[in-house]
Amino acid sequence: MASSASFFSLRALALTLLLSLGYVLLINVDLGEIQLSDTKSIEVNPYYGWYENRVDVYYRSLDSLNRMRSWRDRMFARHVANYETPVWVTNNLQPGDTVLLPPRQYAQKYIKAEVTWTDPRIFTYMTRLSPIVAYADTARRGSANTYIALAPRRISLMRRGSTANIDSLLHVYEEASRE
Amino acid sequence: MNSVALVFVLTLLLQWLTGIGVFGLMRLDFKRSVLLPAALILGMFLHTVGVFALELAQVRISTGSVFGVLAVLAVGANAWWPRVAPTYRRLAARPRWTLQMYDVAALVISMGLLYIVVWASYFWPVTPFDAMAGIDLVARQALIDGHINNQIFTDPSLRGLLSNQPYYAPFAMLMQIVYRSIGFTYGHIWLAVQCITFAWLMFAWLRSYVHPFIASVLWLALIITPEWYGYQFLLQTDMANAVFFTTGAWFFFEAVLRKDVRWLVASALFLSAAAWSRTETIIVIAFVLTASLPWTLRAFGNKRALIATASMGLAALASFGLWHWLYFGVYLPVAPNTTTELSGGLSLVRGFSVASEFLGGMLTNVWLWGHTVILFVVGTIVSLLVTRRLGNPLLFVWISCILVALIIVGTVFTAALVDTTLRRGIFKVLPLMILALAQSPLAQLLGDRLQRWELARAK
């Protein structure tokens with residue numbers, strides 16, 4: 001249904017202003033919440049929070065973000081430890097290593113963001129197909145000979161046959177997996 | 001222009017030509033503003049089918065073969081030139097300026113929003129867990145190994161740990177292959193392309209039903225729906241699915257309105273694309289086609305309606321079966337264990353719990369859906385009270401069927417959670433709600449008044 005009214009007219013201008021003003025108000029005015037019950041409340045104007053969190057947040061930081069030219073930097077910016085850890089592990093693998101991925105709960109103790117890299121699919125996605133064994137894969141767990149030890153702001157690989165106390169680490173894994 | 005940009009433009013152009021060619025073969029006569037976006041969306045679907053055909057034919061998947069199959073599709077779709085030529089002639093006709101000042105304002109507002117969609121889908125890597133653990137994991141390895149049936153499905157490190165993500169309906173995965181093969185590091189820029197194309201399509205649809213000012217308002221209401229907006233740059237299967245499903249729905253409604261079976265063919269293509277992009281959709285399609293029978297019988301007569309409905313259902317089933325039965329059964333060495341995902345049938349208690357959580361909590365969540373759902377409900381009630389008419393009843397039938405089908409899916413499949421699967425299933429309903437509002441007698445009434453008001457001053 002096309003309008004046969006003229007493009008330039010006072011009424012067209014009024015409608016244009018109405019539309020624009022409505023939009024500007026929607027994205028700028030925080031009207032708070034209405035309490036429906038003790039546990040439930042709804043946003044009167046959800047578009048305010050949506051614009052702030054999903055649109056304006058990018059517009060505000062567009063310049064600085066666009067300076068991030070490297071694809072790897074962007075991966076790190078988005079996935080942080082979930083990208084950095086698998087990359088570090090694969091970069092430090094030696095021929096013959098088969099890494100046991102720790103249980104998620106163990107890694108979560110040292111990482112603020114929600115840990116996903118302990119899932120072998122995510123580990124593979126962040127790096128490439130590697131000789132890894134998921135903690136949940138009890139059948140193949142015995143084939144692992146390299147283990148990931150985490151500490152605050154530290155990561156290391158412990159290899160069977162070295163002086164490292166693997167059994168103690170595995171015990172910590174086991175304890176964490178029960179949490 | 002660098003090589004990535006060049007191949008990107010050529011890919012879009014060939015997808016476009018493929019879609020236009022297919023519409024030309026069907027000899028459907030519709031507005032250029034609808035033809036252009038609908039053709040690109042159709043071309044994207046057909047391109048993924050072509051890439052899948054490469055896999056079935058054991059041809060190595062590479063930039064060359066992915067582009068080559070598209071070139072073949074584009075040439076093939078336009079090979080019967082005398083038949084498709086009138087469509088191109090219509091496209092070349094001199095355009096008419098129909099935009100009003102407020103349409104331009106709405107377009108400017110949308111550009112500000114959609115710019116972020118394009119930027120984010122180009123700039124940011126893939127972030128949703130499901131995509132990293134499935135769609136994109138398989139796509140990336142497919143380009144390394146040259147086949148969709150690749151080491152992801154066989155490597156010992158992932159054996160038995162794939163869950164259901166790598167087995168999702170293949171459209172999004174195949175698009176990731178296409179766009180990664182072009183040279184986009186993260187691939188999912190296609191999602192922004194598809195969403196903007198769909199926004200264009202919605203803009204054209206809405207303006208054909210209702211006064212352009214109301215159309216612009218409703219159009220913006222969809223674009224600023226928070227969850228809808230977010231998933232235009234978050235890689236999942238659901239947004240593409242909603243685009244295909246809604247386009248198929250629109251062609252279906254127009255077919256019934258015009259009593260023209262050719263429009264049903266277009267609808268069948270898009271609904272097949274919907275079944276190709278999200279697994280649960282085959283159930284929704286079965287529901288909507290069955291529930292629409294009273295209208296199709298009236299529009300086409302018993303025999304033609306039944307044949308058309310069965311053909312549409314079979315087309316969607318074929319598209320579903322190509323991946324879920326043929327490919328899993330014959331090609332892939334492993335398959336998802338679907339039986340473990342069944343909750344044990346249609347339990348009334350579970351069904352009631354899913355329905356109440358879905359309708360009472362999820363659908364009314366304004367943080368996710370803004371006021372779109374509320375606007376639809378209130379608009380429909382007011383329309384009924386004021387005009388005592390509903391508008392296009394088929395729209396309401398389809399909306400209801402989608403909701404019921406989603407509840408059944410949530411009841412039967414344990415993996416289909418209200419918070420995730422069913423939440424994103426609502427994407428299929430939102431554009432239909434907006435269309436229902438545009439076709440409501442109340443919107444028509446308001447549109448007529450607006451038109452009179454605008455013209456009265458102009459005289």
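Please refer to the structure placed before this passage.
Described below are features of the structure shown in this document. Here the structure is a predicted model, which is why all the values come from computation and not from measurement. Residue positions are counted from 1 within each chain, in the order its sequence is given. Each chain takes a letter, starting from A, and each ligand takes a number, starting from 1, following the order in which they are written. Owing to the predicted nature of the model, reporting of local features is limited to residues with pLDDT of at least 70; listing and counting of side-chain atom pairs is limited to 80 or more, with chain, interface and lining totals taken over all residues. In computing side-chain properties, one takes all heavy atoms of the structure into account and sets aside hydrogens as well as water.

**Brief notes about the overall build of chain A**
To be explicit about the condition: Every helix listed is a DSSP run of H or I at least four residues long, and every strand listed is a run of E at least two residues long, numbered separately from the N terminus. The contact criterion used throughout is that any non-hydrogen atoms of two residues lie within 4.5 Å. The accessible surface values rely on the Shrake-Rupley method and a 1.4 Å probe; as for residues, cover is taken only from the protein chains in view. In this tally, Asp and Glu contribute negative charge and Lys and Arg positive charge; neither His nor the terminal groups of the chain are included. Where a charge lies is defined by one atom per residue type: Lys uses NZ, Arg uses CZ, Asp uses CG and Glu uses CD.
In terms of helices and strands, chain A carries seven helices and six strands. The secondary structure elements of chain A, listed N-terminal to C-terminal, are α-β-β-α-α-α-β-α-α-β-β-β-α. Taken along the three principal axes of its C-alpha coordinates, chain A extends 85 × 45 × 35 Å. Long-range pairs, those at least 24 residues apart, make up 50% of the contacts in chain A between residues at least 6 apart in sequence. In the form shown here, chain A has an accessible surface area of approximately 10000 Å², with 53% of it arising from carbon and sulfur atoms. Taking the average place of the 21 positive charges on the side chains of chain A and the average place of its 17 negative ones, the gap between the two points comes to 7 Å.

**Observations concerning the nonpolar core**
For soluble globular proteins, nonpolar side chains are generally found buried alongside one another. Going by this rule: We call a set of buried Ala, Val, Leu, Ile, Met, Phe, Trp, Tyr and Cys residues a nonpolar core when their side-chain atoms join them within 4.5 Å. Partly exposed residues are those whose accessible area sits between 20% and 50% of the maximum for their type, while under 20% is buried and over 50% is exposed, using a 1.4 Å probe and protein chains only. Where each domain begins and ends is defined by an automated method or by a domain database.
Membership of the largest hydrophobic core comes to 196 residues, with the highest contact counts inside it found for Phe23, Tyr179 and Trp398 of chain B. The dominant element in this core, judged by the number of residues it contributes, is helix H8 (residues 189-209) of chain B, at 15 residues. The two domains that each donate at least three residues to this core are domain 1 (246-321) and domain 2 (337-450) of chain B. If near-sequence neighbours (up to four positions away) are discounted, Phe23 of chain B is found in contact with Leu28, Phe30, Leu35, Ala38, Ala39, Leu42, Phe251, Ala266 and Phe270 of chain B. One finds Ile132, Val133, Tyr147 and Ile148 of chain A within the second-largest nonpolar core, a separate group that totals 25 residues.

**Considerations on the side chain of Asn241 of chain B**
Residue and element names in this part refer to chain B. Tracing the backbone shows Asn241 in helix H11 (residues 238-258). Residue classification places Asn241 among the buried positions, given a relative accessible area of 0%. For Asn241, the contacting residues outside a window of four places in its chain are Ala274, Ser277, Arg278, Thr281 and Lys428.

**What to know about unusual backbone geometry**
For Gln58 of chain B, which is not glycine, the phi torsion reads 60° and is therefore positive. With respect to the helices and strands, the residue Gln58 of chain B is situated in the loop between helix H2 (32-56) and helix H3 (63-77).

**Some points on the environment of Ala139 of chain A**
All names here are of chain A. The residue Ala139 is located in the loop between strand E4 (132-133) and strand E5 (146-151) in this model. Given the relative accessible area of 73%, Ala139 is considered exposed. Sequence-wise, Ala139 and Tyr173 are 34 residues apart; in three dimensions their C-alpha atoms are separated by 16 Å.

**Focus: the interface of chain B and chain A**
Using the following cut-off: Buried surface area refers to the total accessible area, computed with a probe of radius 1.4 Å, that the two partners give up upon joining, counted for both partners together. The term salt bridge refers to a pairing of a side-chain nitrogen on Lys or Arg with a carboxyl oxygen on Asp or Glu at a separation within 4 Å. Pairs of N or O atoms are called polar contacts if they sit within 3.5 Å, as long as, within protein, a hydrogen donor faces a hydrogen acceptor (for residues adjacent in sequence, only side-chain-to-side-chain pairs).
Of the residues lining the interface, 71 residues belong to chain B; the matching set on chain A comes to 62 residues. A combined buried area of about 6100 Å² lies between chain B and chain A, and 69% of that area is made up of carbon and sulfur atoms. In terms of surface lost to chain A, no three residues of chain B exceed Met101, Phe123 and Trp124 of chain B, which account for 12% of the buried area on that side. Our count for the contact surface shared by chain B and chain A stands at one salt bridge. Among the ionic pairs, Arg54 of chain A bridges to Glu227 of chain B, the shortest N-O distance being 3.7 Å. For the interface between chain B and chain A, the tally reads 17 residue pairs in polar contact (both at pLDDT 80 or more). Those elements giving two or more residues to the side of chain B that touches chain A turn out to be helix H5 (101-123), helix H6 (129-145), H8, helix H9 (212-223), helix H10 (226-230), helix H17 (366-369) and helix H22 (441-458) of chain B. Ranked by residue count, the leading element in the side of chain B that touches chain A is H5 of chain B, at 13 residues.

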